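Here's the letter readout for the chains.
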Amino acid sequence: MISALALAHALTRIGVEVCIASPPGPLIDRLEAGIHHVPIPAPLPSLHTWRATRAIHYLLEREEFNIVHTQEHLSTVASWVPCWKHRVPLVATTAGGPIPQYFIPSVDAMVVYSRELYSALSARRRWQVDNLKLIEARIDCELYAGVCPQFSLPILNVGLVSRFSADRIRGVLVALEALANLAGKGVCSVVVGGAGPEKKIVEAQVARLADGLPEGALIYLGEIRDFPSFLVDISIFLGCGRTLLEAMSAGIPSALIGVRGFGGVLTPTSANLMAEYNFSGRHGEPNYQSKEIETAITKLTLNRALLHQLSHFSRGFVKRRYDAQLSAVKLLELYKEIVDKGWSPKNRGLFLGGMSFDYVCGRTWRKARHRLFCCNSNEPLGRAGH
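In this report, we go over the structure that sits alongside the text. Every residue gets a number counted from 1 within its own chain, in the order that chain's sequence is written. Two thresholds apply to this predicted model, a pLDDT of at least 70 for residue-level local features and 80 or more for giving and counting side-chain atom pairs, whereas whole-chain, interface and lining totals are computed over all residues. For side-chain calculations, the full set of non-hydrogen atoms in the structure is used, while hydrogens and water are omitted.

Right, let's get into the overall build of the chain. Strands here are runs of E lasting at least two residues and helices are runs of H or I lasting at least four, both read from the DSSP assignment and numbered beginning at the N terminus. Assigned secondary structure in the chain consists of twelve helices and 14 strands. Across the 386 residues in the chain, those meeting the buried criterion constitute 59%. A separation of at least 24 residues holds for 68% of the contacts in the chain among residues at least 6 apart in sequence. Surface accessibility of the chain: about 16,100 Å² in total, with carbon and sulfur atoms responsible for 55%. Burial classes: relative accessible area under 20% of the type maximum marks a residue as buried, over 50% as exposed, and values in between as partly exposed (1.4 Å probe, protein chains only). A contact between two residues is defined here by any heavy atoms of the two lying within 4.5 Å. All accessible-area figures derive from a Shrake-Rupley calculation using a 1.4 Å probe, and residue coverage is judged against the displayed protein chains alone.

Below, the structure written as structure tokens:
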């Protein structure tokens, strides 16, 4: 839901009235003033999806919406039939991994975040390739504008935050081992955060590695719900995906720990290649060498001038390419184009069904007055790094 919130806030700032529909949860507290929230059931990957479908149907029946924009696949499934019945164009965003959903519903436009996913979906959805749109921007840069990296501390703080899933856990454990060695040498202190299916493995690893280290040299905070506040005391960041981009938006020099282990430090040379694969780590060969991580972090801690250079680069890189305000402008143009064409089943194709997660985001306007309908999942953050 984090991307949908960033989009809703960005659209609000350009004069669009916003309404978000989602299951109740902690992220709703982040809504800016003027954004209305409508609680609906979570679209679980089962027959219970009909509850979310029914809620969306009643919402579209009560209010006049010109566009519904969904975030991730299951929300698209839940919204497809109500949108068809009420003749409301449907736009979907998918930000998943390298393997596209084979049974994703046909929509008026599909937005993707990375060139990797764009290429994969282009190959799988040849009948709808004209409806694919690549819009990378999704970070609320304004949220991190006030964060200033701490490079003057005698011992720098290194943050490691990730979603602890099966495809990332090996890289996370190797990184923990490397950072614990550095903490034992007094090179840095380490703060670990995140959640996911393999959370207990990470907790056990942190407890084992922290035994024998100075107090506070290696700590685990669990799930991070206020990421800007977490970054205030961080000097170097390790992570992947969206979480990595948010740290870079705060001007924090960052290194990639993804699905293939250590991907390297983000520099002007490496950032564009990593971006092609949504900062997932799929851009290179597997690398699970803890010594390489130690060497890279040590080099950064010993060169404060380099840290300042990477900080300036990181903030500017995200601002130029991933600021949600850029996405808001492009999406507003896309919405108007779709509405101008008018609703037609030819724009949609067949309903194919399928499974996924996360929730719905949409948009509407009446005459000159713009109004947005957003519906999205409200799961705990966990800093999944999507």
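There's more to say after this.
Aromatic rings from Phe, Tyr and Trp, with only the six-membered ring used for Trp, were paired whenever their centres fell within 6.5 Å, and each pair was classed as stacked if the ring planes differed by under 30 degrees, edge-to-face if by over 60, and tilted otherwise. Under the definition given, this model contains eight aromatic pairs. Plain terms: the ring middles of Phe-164 and Tyr-220 are 6.3 Å apart, the flat faces sit at 45° to each other, and that makes the pair tilted. Here Phe-164 is found in the loop between strand 7 (156–163) and helix 5 (169–184), whereas its partner Tyr-220 is found in strand 9 (residues 218–220), with 56 residues between them in sequence. A centroid spacing of 6.0 Å and a plane angle of 65° characterise the contact between Phe-279 and Tyr-322, whose relative ring orientation is edge-to-face. Of this pair, Phe-279 sits in the loop between helix 9 (271–276) and helix 10 (290–302) while Tyr-322 sits in helix 11 (residues 304–322), placing them 43 residues apart in sequence. Accessibility expressed as a relative area gives 0% for Phe-279, which makes it buried. For Tyr-322, a relative accessible area of 1% corresponds to the buried category. The structure contains a cluster of three or more aromatic residues connected by ring pairs, namely Phe-279, Phe-313, Phe-317 and Tyr-322. For the cation-ring pair, Arg-138 lies above Tyr-113, with the distance from its terminal atom to the ring centre recorded as 4.5 Å. Consider the ring centre and the ring normal. A charge sits over the ring if Lys NZ or Arg CZ is within 6 Å of that centre and within 35 degrees of that normal.

Lines are fitted to the C-alpha atoms to define the axes, a helix being fitted only along its stretch in contact, and any angle between axes, read from their N-to-C directions, falls within 0 to 180 degrees. One can describe the packing of helix 1 (residues 2–13) onto helix 12 (residues 324–341) by two numbers: an axis separation of 8 Å at closest approach and a directional angle of 75°. Between helix 1 and helix 12, the interaxial angle falls into the category roughly perpendicular. On helix 12, the residues touching Ala-6, Leu-7, His-9, Ala-10, Leu-11 and Arg-13 of helix 1 are Ala-324, Gln-325, Ser-327, Ala-328, Leu-331 and Tyr-335. Between 65 and 115 degrees an angle is taken as roughly perpendicular, under 35 as roughly parallel, over 145 as roughly antiparallel, and anywhere else as oblique.

You can see Ala-207 is positioned in helix 6 (residues 199–210). Separated by twelve residues in the primary sequence, Ala-207 and Ile-219 have C-alpha atoms spaced 8.4 Å apart.

Cavities and pockets are defined on a 1 Å grid built over the protein atoms alone: a cavity is a set of grid points where a 1.4 Å probe fits but cannot escape, while a pocket is an open set with protein on both sides within 12 Å along at least five of seven lines, and lining residues are those with an atom within 4 Å of any such point. Grid points are joined across faces, edges and corners, and a volume is the space filled by probe spheres set on the points. There is about 150 Å³ of room inside the second largest pocket. Among the secondary structure elements, those contributing two or more residues to the lining of the second largest pocket are helix 1 and helix 8 (241–249). In terms of residue count, the dominant contributor to the lining of the second largest pocket is helix 1 (five residues). Classification convention: Asp, Glu, Lys, Arg as charged; Ala, Val, Leu, Ile, Met, Phe, Trp, Tyr, Cys, Pro as nonpolar; all other residues, Gly among them, as polar. For the lining of the second largest pocket, the class distribution of residues is six nonpolar, one polar and seven charged.

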